[in-house]
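In case you want the letters, here they are:
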Amino acid sequence: MAFRSSAKSRIGPEGPSPRRPRICRLEDKGFIKSKLGKPTAQRGGRAKRYFKITRAGTIQLRDSRVALAKMWEGVSPELDRV
């Protein structure tokens, strides 16, 4: 907690978004694509970024879901007994 408050005091409450590096990695791997929309006055002249999952991203997501389901197979009956 001390680190978090120390970091906030140095970079402010609006610090860098932790999501951006993750999104960049997904885009670098070809799992998503993004494009910028038009800037709007409502957003202070900034453009909104739109994302779309690619075929490779869909396949990766499906494979991850299957792997996760397999991991939970042995755990679920134990949770029902609690």
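The coordinates are above.
Nothing here was measured: the structure is a model prediction, and the numbers come from that model. (Residues numbered from 1 in each chain as written. Predicted model: local features only at pLDDT ≥ 70, side-chain atom pairs only at ≥ 80, totals over all residues. Heavy atoms only, no water.)

**As for the pattern of salt bridges**
In step 1: In this structure the tally under the stated criterion is 1 salt bridge.
In step 2: The salt bridge involving D63 is made with R62; its shortest N-O contact spans 3.2 Å.
In step 3: Classification of D63 as partly exposed rests on a relative accessible area of 37%. (Salt bridge = Lys/Arg side-chain N within 4 Å of Asp/Glu carboxyl O. Buried < 20%, exposed > 50% of the residue type's maximum accessible area, 1.4 Å probe, protein only.)

**Some words on a nonpolar patch on the surface**
In step 1: Residues L68, M71, W72, V75 and L79 make up a contiguous nonpolar surface patch of roughly 490 Å² in combined accessible area.
In step 2: Top element by residues in the nonpolar patch is helix α3 (residues 55-73). It accounts for 3 residues.
In step 3: Residue placement: L68 occurs in helix α3.
In step 4: Of the residues examined, L68 reaches a relative accessible area of 44% and is grouped as partly exposed. (Patch = residues over 30% accessible without salt bridge, like charges linked within 9 Å, V, L, I, M, F, W, Y side chains within 5 Å. Areas by Shrake-Rupley, 256 points an atom, 1.4 Å probe, with all protein chains shown as cover. Helix = DSSP H or I, 4+ residues; strand = E, 2+ residues; numbered from the N terminus.)

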